[in-house]
Amino acid sequence: MAFETETRPLPPDLFDTTTIASLLSTVAIVAAAYAVSRRALAPRSTPPALRFLFIWHLADALCHFVLEGSFLYHCFFSYLEPRPGSDAASLFPTPYNFLGHEGRRAYGPQAAPDNPFAQLWMVYARADRRWAGADLGVISLELLTVFFDGPLACYICYLIARKDPKASIWMIVLATCELYGGFMTFCPEWLTGNINLDGSNFMYMWVYLVFFNMLWVFIPLYAIWYSFNDVSSAFAVRAAKKDL
């Protein structure tokens, strides 16, 4: 499927119930992170920038654990054996010998059409087909995202709540991981002509592909900028003490 950007008639399922529920799930995650911030952070002694970064990292962790964790679950445990013909042609192909199976199994959210989380990923897969099945590059990145980035984001929230200055160091580490992960997610598509991407309408192009992915570019860059200034200020204070 080539990357399409020309205007076409909008698909009839563009704003179906599953799509709306999927978008609302992200709103619910942010709302939950904000609610926790109201309980975990002192209202007057926490700067707005640090409160924003707490909410971001907690929402980031919830996205990794709940949403991307569900994607990994379906990649490893949900499969079907399509019938020859049209069924196989409509599925995202599973790599040969994936999990040691040499047969015709098709893994991923596409294999669990009745599961709510699989349905969520099939909505996103309308814009990026790789998320319908078991793409090895995506799975490799998501393993690091769920099992390293997610716990680290929680640890950063803990450090921010404790007013521990080490939070700035770990925010730089995590932001670098997020930026690298984003690049490695899309670079294979850029090098192969975006064969799995569909940007033929506003929702697919600007909401799914651009907005949701660029969040993990601009906010990590902001976290790096904030943390760099914080660390630089600490070094400046230490240098000033040495001069006394």
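Right above here is the structure, for reference.
This is a predicted model, so every value here is computed, not measured.

So, how was this worked out
Residues numbered from 1 in each chain as written. Predicted model: local features only at pLDDT ≥ 70, side-chain atom pairs only at ≥ 80, totals over all residues. Heavy atoms only, no water. Salt bridge = Lys/Arg side-chain N within 4 Å of Asp/Glu carboxyl O. Helix = DSSP H or I, 4+ residues; strand = E, 2+ residues; numbered from the N terminus. Buried < 20%, exposed > 50% of the residue type's maximum accessible area, 1.4 Å probe, protein only. Axes fitted to C-alpha atoms, helices over the stretch in contact; angles between N-to-C directions. Parallel < 35°, antiparallel > 145°, perpendicular 65-115°, else oblique. Left-handed = near helix turned anticlockwise from the far one by under 90°. Contact = heavy atoms within 4.5 Å. Nonpolar A, V, L, I, M, F, W, Y, C, P; charged D, E, K, R; others polar. Patch = residues over 30% accessible without salt bridge, like charges linked within 9 Å, V, L, I, M, F, W, Y side chains within 5 Å. Areas by Shrake-Rupley, 256 points an atom, 1.4 Å probe, with all protein chains shown as cover. Disulfide = S-S within 2.5 Å.

1. Description of the pattern of salt bridges
Summed over all chains, the structure comprises 4 salt bridges. For the salt bridge of glutamate 81 with arginine 105, the shortest nitrogen-to-oxygen distance reads 3.9 Å. Here glutamate 81, found in the loop between strand 1 (79-80) and helix 3 (86-89), pairs with arginine 105, found in the loop between helix 3 and strand 2 (106-107); they are 24 residues apart in sequence, far enough to count as distant. Its relative accessible area of 58% is what places glutamate 81 among the exposed residues. Between aspartate 128 and arginine 130 there is a salt bridge, with the nearest N and O atoms lying 2.8 Å from each other. One network of salt bridges, with partners in common, ties together Asp128, Arg130 and Glu189.

2. Structural notes on the packing of helix 5 (residues 136-161) against helix 6 (residues 166-191)
A pair of packed helices is captured by two measures, namely the crossing angle of their axes and the spacing between those axes. With their axes 10 Å apart at the nearest point, helix 5 and helix 6 run at an angle of 155° to one another. As far as their axial angle goes, helix 6 and helix 5 are roughly antiparallel. Of the two elements, helix 5 crosses helix 6, and the hand of that crossing is left-handed. Where helix 5 approaches helix 6, its residues Leu141, Phe148, Asp149, Leu152, Ala153, Tyr155, Ile156, Leu159 and Ile160 are matched on the opposing element by Lys166, Ala167, Trp170, Met171, Val173, Leu174, Cys177, Glu178, Gly181, Met184 and Thr185. In the contact of helix 5 with helix 6, the residues fall into 15 nonpolar, 2 polar and 3 charged.

3. Topic: the environment of phenylalanine 71
Inspection of the secondary structure assignment puts phenylalanine 71 in helix 2 (residues 48-77). Taking the C-alpha atoms as reference points, phenylalanine 71 and glycine 108, 37 residues apart in sequence, are found 7.2 Å from one another. Sequence-distant contacts of phenylalanine 71, defined by excluding residues within four places in its chain, comprise Pro109, Trp121, Trp131, Gly133, Val138, Ile139 and Glu142.

4. So, a nonpolar patch on the surface
Together, Phe15, Ile20, Leu24 and Val27 make up an exposed nonpolar region whose accessible area comes to about 410 Å². Positionally, valine 27 belongs in helix 1 (residues 17-40).

5. Things to note about the state of the cysteines
The full count for this structure, using the stated rule, is 0 disulfides. For the unlinked cysteine cysteine 75, the closest cysteine sulfur is that of cysteine 63, found at 17 Å. On the basis of relative accessible area, cysteine 75 is assigned to the buried category, the value being 0%.

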